[in-house]
Amino acid sequence: MSDVTSLPRVTIALATYNGAAHLEAQLASYVAQTHANWDLWVSDDGSHDATRTILENFAAQHGMGRDIRILDGPRAGVATNFLTLLCHPGLPKQPVALSDQDDVWLPEKLALGLAEMGTDEPVIYGAQSIHTDDTLTPIGKSLGGGVTPSFGNAVTQNIVSGHSCMLNPAALAVVRRAGVPAGIPYHDWWLYQLITGVGGHVALSSDAVLLYRQHGRNAMGSHQGLRALATRTAQVFGGTYREWIMANTTALAHLESTLTPEAQEILAALKATPPRAGFARIAVFRRYGVRRTGRVGNLLLNLALLLGRV
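The present account deals with the structure reproduced in this document. (Residues numbered from 1 in each chain as written. Predicted model: local features only at pLDDT ≥ 70, side-chain atom pairs only at ≥ 80, totals over all residues. Heavy atoms only, no water.)

Looking only at helices and strands, one finds twelve helices and nine strands in the protein. Computed over C-alpha atoms, the radius of gyration of the protein comes to 19 Å, within 12% of the 19 Å expected from 2.2 N^0.38 for 310 residues, which places it in the range of a compact globule. Each principal axis of the C-alpha atoms in the protein carries an extent, and together these give about 60 × 40 × 35 Å. Of all 310 residues assigned to the protein, the portion counted as buried reaches 51%. In the protein, the proportion of contacts linking residues at least 24 apart, taken out of those at least 6 apart, comes to 79%. Per element, the accessible surface of the protein, about 14,200 Å² overall, is 55% carbon and sulfur. One way to put it: in the protein the 24 positive side-chain charges average out to a point 11 Å from where the 24 negative ones average out. (Helix = DSSP H or I, 4+ residues; strand = E, 2+ residues; numbered from the N terminus. Rg over C-alpha atoms; globule rule 2.2 N^0.38 Å. Buried < 20%, exposed > 50% of the residue type's maximum accessible area, 1.4 Å probe, protein only. Contact = heavy atoms within 4.5 Å. Areas by Shrake-Rupley, 256 points an atom, 1.4 Å probe, with all protein chains shown as cover. Lys, Arg positive; Asp, Glu negative; His and termini not counted. Charge placed at Lys NZ, Arg CZ, Asp CG, Glu CD.)

Further remarks concern helix 6 (residues 169-178). Listed in full, the buried residues belonging to helix 6 are Ala171, Leu172, Val174, Val175 and Ala178. Each buried residue of helix 6 sits inside an arc of 155 degrees when the element is viewed along its axis, so together they form one side. Positioned one or two residues after helix 6, glycine 179 has a phi angle of 80 degrees, which is positive. (Arc of directions from axis to C-beta.)

Right, let's talk about a nonpolar patch on the surface for a bit. Taken together, the side chains of Phe279, Leu303, Leu306 and Leu307 present a nonpolar region at the surface, about 420 Å² in accessible area. One can find leucine 306 in helix 12 (residues 295-306). (Patch = residues over 30% accessible without salt bridge, like charges linked within 9 Å, V, L, I, M, F, W, Y side chains within 5 Å. Salt bridge = Lys/Arg side-chain N within 4 Å of Asp/Glu carboxyl O.)

The relative placement of two packed helices is expressed as an angle between their axes plus a distance between the axes. Contact geometry for helix 6 and helix 7 (residues 187-197): axes closest at 10 Å, N-to-C directions at 105 degrees. With respect to their mutual orientation, helix 6 and helix 7 come out roughly perpendicular. On the side of helix 6, the interface is formed by Ala171, Val174, Val175 and Ala178, while helix 7 contributes Trp190, Leu191, Leu194 and Ile195. Partitioned by chemical class, the residues of the contact of helix 6 with helix 7 number eight nonpolar, no polar and no charged. (Axes fitted to C-alpha atoms, helices over the stretch in contact; angles between N-to-C directions. Parallel < 35°, antiparallel > 145°, perpendicular 65-115°, else oblique. Nonpolar A, V, L, I, M, F, W, Y, C, P; charged D, E, K, R; others polar.)

Core analysis: the largest hydrophobic core is formed by 53 residues, its most contacted members being Leu86, Trp190 and Leu191. If we ignore the near neighbours within four places in the chain, the residues touching tryptophan 190 are Leu83, Ala178, Pro181, Ile184, Asn248, Ala251, Leu252 and Leu255. One finds Leu14, Tyr30, Ile54 and Ala127 within the second-largest nonpolar core, a separate group that totals 27 residues. (Core = buried A, V, L, I, M, F, W, Y, C linked by side-chain atoms within 4.5 Å.)

This next bit is on the pairing of strand 9 (residues 201-213). Where strand 5 (residues 104-105) and strand 9 come together, two bridges link them in antiparallel fashion. The partner of tryptophan 105 across the bridge, within strand 9, is leucine 210. In this sheet, strand 9 lies alongside strand 6 (residues 123-132) in parallel orientation, the contact comprising nine bridges. Note that in strand 9 the partner of tyrosine 125 across the bridge is alanine 203. (Pairing = 2+ DSSP bridges.)

Bridging between strand 6 and strand 7 (residues 138-141) involves three bridges; their strand directions are antiparallel. Each bridged residue has a counterpart across the sheet, and for histidine 131 the counterpart in strand 7 is glycine 140. Count of turn residues in the strand 6/strand 7 antiparallel hairpin: five residues, of which leucine 136 carries a positive phi of about 75 degrees.

For the rest of this paragraph, the subject is the environment of alanine 280. Along the chain, alanine 280 falls in helix 11 (residues 279-287). Residue alanine 280 is classed as partly exposed on the basis of its relative accessible area, which comes to 39%. Here the alpha-carbon distance between alanine 280 and leucine 306, two residues 26 residues apart in the chain, equals 8.9 Å.

Before going further, it helps to examine the pattern of salt bridges. The tally for this structure, following the rule as stated, stands at four salt bridges. Here arginine 9 ties to aspartate 39 by a salt bridge, and the two come within 2.7 Å at their closest N and O atoms. Here arginine 9, found in the segment before strand 1 (10-16), pairs with aspartate 39, found in strand 2 (residues 38-44); they are 30 residues apart in sequence, far enough to count as distant. For arginine 9, a relative accessible area of 26% puts it in the partly exposed group. A salt bridge links arginine 52 to aspartate 44; the nearest nitrogen and oxygen atoms lie 3.6 Å apart. Since its relative accessible area comes to 25%, arginine 52 is described here as partly exposed. On the basis of relative accessibility, which here comes to 3%, the residue aspartate 44 falls in the buried class. A cluster of three or more residues bridged by salt bridges with shared partners is formed by Asp44, Arg52 and Asp72.

Okay, here's the thing in structure tokens:
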């Protein structure tokens, strides 16, 4: 059996807010990992339930030989909470695994992610999940696949789920240089855009690595089903989706000098053809491969472009 200390060390980056209902199961799944050489950094965003007590008890029980830190979050939403944690000056320069508070990791999660990141270039890793109800009874799974990761795709959607996401040290360095932009809607979407924007590698796995609990308090929830489709259609045609894209591209424009020439060209083309451009904007999206996954997704995108909603 290998000495634990000889294995790559990983920082688990956990963002919490009033997560007491499910937090203990998630923490227990860290202890059950086959890759046991991990630290835990937590950013708690002002919980007023038992979250802090649960975290403190866990640190007391499992802190031997590990760096377990519980920090006060910025209290500006989940995206800012995660990005502030990743940009903390004391965070170790080692692989990072992002964690939601209400999932349950499968035992091989860290080992499988680390196996995909053996390179010096920036790498972001994502995998699949088993969807469950509030009691962890399986009700479905994520689909994955369907599109080749690219900056053009990243402009329109995220395909790297934050709860499965891992970053190698080079990718973490990119994130830290970018800082914490204002107005970013989703941290995982931002990470996908950022790593593809600098020419990094996206490692998407078909492996299911966690149980994804579906409940009324999910920050995002499953992308599948009629309800999810209705919600996202309303976001597109109601203007929310356009606001998200504008927030992301504005933040990326401030990092222009670090982006690849291709990413810079895409951002410049989008800026030159605003939403009201209609057919001209559709042509720009097609020319630069700015697209979503699946026929339905692209059909809705093109209709929204034609109507000036994106």
